[in-house]
Structure formats: structure tokens, C-alpha cells
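In case you want the letters, here they are:
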Amino acid sequence: MGAVSDATKAYRLLRRALISRSAVQRVRRRLQADGPLPADHYKVAVYFADGAVNMYQMRQWYRPLAELAKRWPVVVISRNATGAEKLLEEEGAPPITFVPTVRDLERFVAKQDIRVVLYVNQNTRNFQMFRYGRRWHVFINHGESDKMYMTTNQYKAYDYAFVAGQAARDRLSRTLWNYDIDARTIEIGRPQADHYSGVLPYTPDERTVVLYAPTWEGDRPSAHYGSIATHGEALVAALLATGEHRVIYRPHPRSGVVDDEYGAAHRRIIAAVAAANAADPGAQHVYDNGPELGWQLASADVAIVDISAMVYDRLAAGKPLMITRPADERASVDTTGYLADCEWLTADAAPGIVAEVERVGADAEAIARLRMWVQHYFGDTTPGVASAKFHGAIERLMSEWDDWHEHEMGSIRSDEDDDDEEADEEEL
């Protein structure tokens, strides 16, 4: 068995190497055909060291970054070939540079006037960019949530963190030692919510639209938040059977990468959605695995999500939602924030989802609680406010950059004047 396992691992490693090499060649050909990026042009960079599998972390920022680029030119520094290839393919992605080696990275940084570097995740290769001083390194994350990921000590590695609101500041204050929340965090709300849009893949009618957006199974017990195998099949089956509901099934793109049974349950749900549409084409249920996120959050009457950033993406929309309670008791659940007051759905209650959907959509107390938590997590959610905060935060850092740069230039001029005076004294 050991020999078979080793051979399988060797095959997988070889296959990944070949895929990566092919992607590198395709990316370089594409960039060469497009021509070089303008030198000394970009002021803001988004550093992304991940591959295509984590592209969802970048996609949600495309539209806010496009708006920002109207004032401050933005470029993505991509370190992984499959990630770079996806960025080149996708509509709305910012311009990119592909820098697979540290030497490539050095050459690009030397040619640009990058003053603010944004990071959407905690890839270990971020540290290869941290070596460059005289610019602000800012963690913007890829979503707001109460996962333990949101309180990692890695926050301290950045000059600043852009956070959604007071809930994030409270969370970090409780967890991180010797971290100056007031000095190093800047609230920006949820700029992505200003861009919740898209063409609906169905025709709206009298059906109640329910979004089911589970996360993946997780790679360790404390992160076992995924519900596909415990809640998903039962709740989707119940909703498909009514003839009065429309299901939007939007699973995490990594669903099933660790647990084969989880992946099998995911595929059975897809098959069930397809079968329901075949039996009743007017139902227009949706299996959504597209890159765009926005219309799902805005259009659903009720959302059912796992503990993940999707909780807070939906919360920013201010509409009814339920959270699946992890079936694994080892899963880490932070009940000091919204999860202490949310509408939980246990695995045992999943078959009765129809009644639960009706309740959360009409319960006045649940709606009032929801509004209170929206304010706590995101502040003012009036359209346009979060985008203004995001732009204001960047403007603030650009102004601070100018101040530090002027201070440094003043020190250099002072040192030069001192050298001149010493030279004059020597001549005398």
C-alpha cells in the first residue's frame, strides 16, 4: 500500500508540474502579445500569489478596484501561473504582471511607483513582498466573517488592515495582544455590496427564491463548517419538492477537494436540481458556479449559508438569512458576534426547511435583529457609502505616503547640507 500511495503522490506532483509549466508558457505568450505595461504608472498593487482555485478571492474586488483605478492606477502582481491565466481571461479583471520569481518581482517593483500594496489573503509568499519598504502593505481580505481566519496573528505583519466595521475591530481587540486597533485598522464597510448586480438566469415570478450557498468541507476539524453532506441534500430536496420555491445552489468552488463523500453529496445536489428542472422547466432552479457574485445575494428572498464570508456578504444586503450549525462539534464557532444571535439551522431541522424559510421571512423580531447586526458589522449600508470609505482610506494612505516621503527627502537634504558645511570647514 505504501508503494502505491507514494506512486500516486509522485504522479500528482508530476501532473501539477506539467500543468503549471504549460500555464507559464501560455501566460508569457499572452503578455508578450499584449505588450509591456507602462513604466512608472501604477500607484496601487494587489498582490496575489494563489492559483486559479482561489480566484474567488480576487473576483469580488474587480468592480471596487475598477472604480479606484479611475483615481489611482491599479495593477495585480500575480505570482502563480494558473492564477495569472485566469486573471487574463476574466472580464473586468485589473491589468496584471506575472512575476513567478523574486527576481521578476524585483524588476517590476523597480519600474513602478507602487505606494500601496493590497493583499486579499494570507498566502505565505506575501512575505516576499513585505521586504519592500517605503510603501504601505494593507490587508483587505476576501470577505468579512467570524471564522478564526479573521483573527489570525498575521494581521500584525501588515501596516494597516481595511476592515468592514466595528464587529471586526471588536473581534481583533479580543484576540490579538499588543495590536493597536485604532492606529492600524480602517473601517471601509463592504464596497462590494455597492456592486451587487448581474443578469438573473431566471424570470422572476411568484416563487420564493432561496439561495443555498455552502462553503467547502474544510481541511481540519476546527474549520469543518461545510454543510453539503449534513444539511444540503435534505434541505434542497425539500425545497425542490414544493413547486413554490426556486433554489439557487451556489457551492464553494473547493467543495469536495478534501472529502470524497462531501464531493459526492455536492454532485447529487447538482443532479437533483437538473432533474427538478427537467420535470418542471418553469421552476428555473439554478446551479450557479459562475464567477460573478452579486445578483444571488440581492435577488434571493431568503439565504441559507454556512459559517463563511457568505454570511456577511448576505448580511450586507440586509435581507433574511439562516446559518447552518456545523454538525462537527469540533468546529470553532465564535458566538460573541452575529453568530450569537443569528437564525441557526441544524442538520436535524434541515428536512423542515420550508417552514423555516417562511418563518425568517416574516418574523418581525428576526428582521429587527438582522438590521441591528447589519449596522454593527458594516455601518451605514446606504448605496455608495462603503465605496466612498474605501476610496477615502486609499487617499489617506497616499497622503501619509507623501508626508513620509517629504520627511525622508528633508532628512536627505539636511544630511547633504551638513556634508557641505563639513567640506567648507575642511577647506578653511
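Just above, that's the structure.
The text that follows walks through the structure, step by step, so that each part is easy to find. (Residues numbered from 1 in each chain as written. Predicted model: local features only at pLDDT ≥ 70, side-chain atom pairs only at ≥ 80, totals over all residues. Heavy atoms only, no water.)

### Section: the overall build of the protein chain
- Scanning the protein chain from terminus to terminus reveals 15 helices and 13 strands.
- Rg of the C-alpha trace for the protein chain: 24 Å, near the compact-globule value of 22 Å for 428 residues, within the 12% margin.
- Of all 428 residues assigned to the protein chain, the portion counted as buried reaches 48%.
- For the protein chain, the exposed area adds up to about 20,500 Å²; of that, 51% sits on carbon and sulfur atoms. (Helix = DSSP H or I, 4+ residues; strand = E, 2+ residues; numbered from the N terminus. Rg over C-alpha atoms; globule rule 2.2 N^0.38 Å. Buried < 20%, exposed > 50% of the residue type's maximum accessible area, 1.4 Å probe, protein only. Areas by Shrake-Rupley, 256 points an atom, 1.4 Å probe, with all protein chains shown as cover.)

### Considerations on the pairing of strand β8 (residues 208-213)
- Buried residues dominate β8, accounting for five of its six residues.
- As defined by bridge partners, β8 adjoins strand β9 (residues 245-249) across five bridges and the pair is classed as parallel. From the neighbouring strand, L211 faces β9, where its bridge partner is I248.
- With respect to chirality, the unit in which β8 leads through helix α9 (residues 228-240) into the neighbouring parallel β9 is right-handed.
- In this sheet, strand β11 (residues 302-305) lies alongside β8 in parallel orientation, the contact comprising four bridges. For A213, the partnering residue across the bridge sits in β11 and is V305. (Pairing = 2+ DSSP bridges. Right-handed = clockwise from strand over helix to strand, strands pointing away.)

### A look at the environment of D328
- Among the secondary structure elements, D328 is positioned in the loop between β12 (321-324) and β13 (344-345).
- Taking the C-alpha atoms as reference, D328 lies 8.5 Å from S222; in sequence the two are 106 residues apart.
- Not counting residues up to four positions away in its chain, the partners in contact with D328 are P221 and H224.
- Within the structure, the side chain of D328 is placed 2.8 Å from the side chain of H224, a separation counted as a polar contact. (Contact = heavy atoms within 4.5 Å. Polar contact = N/O pair within 3.5 Å; in protein donor to acceptor, adjacent residues only side chain to side chain.)

### What about the packing of aromatic side chains?
- Per the stated rule, a full pass over the model turns up 17 aromatic pairs.
- For the pair F139 and Y158, a centre-to-centre distance of 5.1 Å together with 25° between the ring planes defines the contact as stacked. With F139 in strand β5 (residues 136-139) and Y158 in the loop between β5 and β6 (160-163), this residue pair connects regions lying 19 residues apart in the sequence. Y158 matches F139 in its accessibility class, with the two residues each being buried.
- Seen from their ring centres, Y212 and Y249 are 5.8 Å apart, and the 20° between their planes marks the pair as stacked. With a gap of 37 residues between them, Y212 in strand β8 and Y249 in strand β9 connect regions that are remote in the sequence.
- Here R115 stacks its cationic end above the ring of W401, 3.8 Å away from the centre of that ring. (Phe/Tyr/Trp six-rings, centres within 6.5 Å; stacked < 30°, edge-to-face > 60°. Lys NZ or Arg CZ within 6 Å of the ring centre and 35° of its normal.)

### Examining the sheet that holds β12
- Ordered in space as β10-β9-β8-β11-β12-β13, the six strands form an open sheet in which the pairing is parallel. Each edge of the open sheet is held by one strand with a lone partner, namely β10 (286-287) and β13.
- Sheet topology places β9 next to β10; two bridges connect them, and they run parallel. Its bridge partner lying in β10, I248 is registered against V286.
- Against the sheet, helix α13 (residues 353-362) contacts β8, β9, β11, β12 and β13, and its axis sits at roughly 135° relative to β12. (Axes fitted to C-alpha atoms, helices over the stretch in contact; angles between N-to-C directions.)

### Some remarks on the pairing of β6
- With burial as the criterion, each face of β6 is covered, one bearing Y160 and F162 and the other bearing A161 and V163.
- Here β5 pairs with β6 via two bridges, running parallel. Following the sheet pairing, V138 is matched in β6 by Y160.
- As defined by bridge partners, β6 adjoins strand β7 (residues 185-187) across three bridges and the pair is classed as parallel. Within the sheet, the bridge partner assigned to V163 lies in β7 and is E187.

### Observations concerning the sheet that holds strand β2 (residues 74-78)
- The seven strands lie next to each other as β3-β2-β1-β4-β5-β6-β7, forming an open sheet whose pairing is parallel. Each edge of the open sheet is held by one strand with a lone partner, namely β3 (96-98) and β7. For this sheet, the mean inter-axis angle between neighbouring strands, taken without regard to orientation, is 25°.

### As for unusual backbone geometry
- For D40, which is not glycine, the phi dihedral falls at a positive 50°.
- Mapped onto the elements of the fold, D40 is located in the loop between α1 (2-34) and β1 (44-48).
- A positive phi is found at Q284, a non-glycine position, where the angle reads about 50°.
- Structurally, the position occupied by Q284 is in the loop between α10 (260-279) and β10.

### Details of helix α5 (residues 102-111)
- Those residues of α5 that sit buried are D104, L105, F108 and V109. Taken around the axis of α5, the buried residues stretch over an arc of 130°, which confines them to a single face. Relative to its buried face, α5 has exposed residues pointing more than 90 degrees away, namely R103, A110 and K111. (Arc of directions from axis to C-beta.)

### Concerning the packing of α9 against α13
- Contact geometry of α9 with α13 gives a least axis separation of 9 Å together with a crossing angle of 80°. The angle between α9 and α13 falls in the class roughly perpendicular. Contacts between α9 and α13 involve L235, A238 and L239 from the former and I353, V354 and V357 from the latter.
- Residues that form the contact of α9 with α13 fall into these classes: six nonpolar, no polar and no charged. (Parallel < 35°, antiparallel > 145°, perpendicular 65-115°, else oblique. Nonpolar A, V, L, I, M, F, W, Y, C, P; charged D, E, K, R; others polar.)

### Here's the deal with the side chain of E400
- Turning to its location among the elements, E400 is positioned in helix α15 (residues 385-427).
- Excluding anything up to four places from it in sequence, E400 contacts W136 and Y160.

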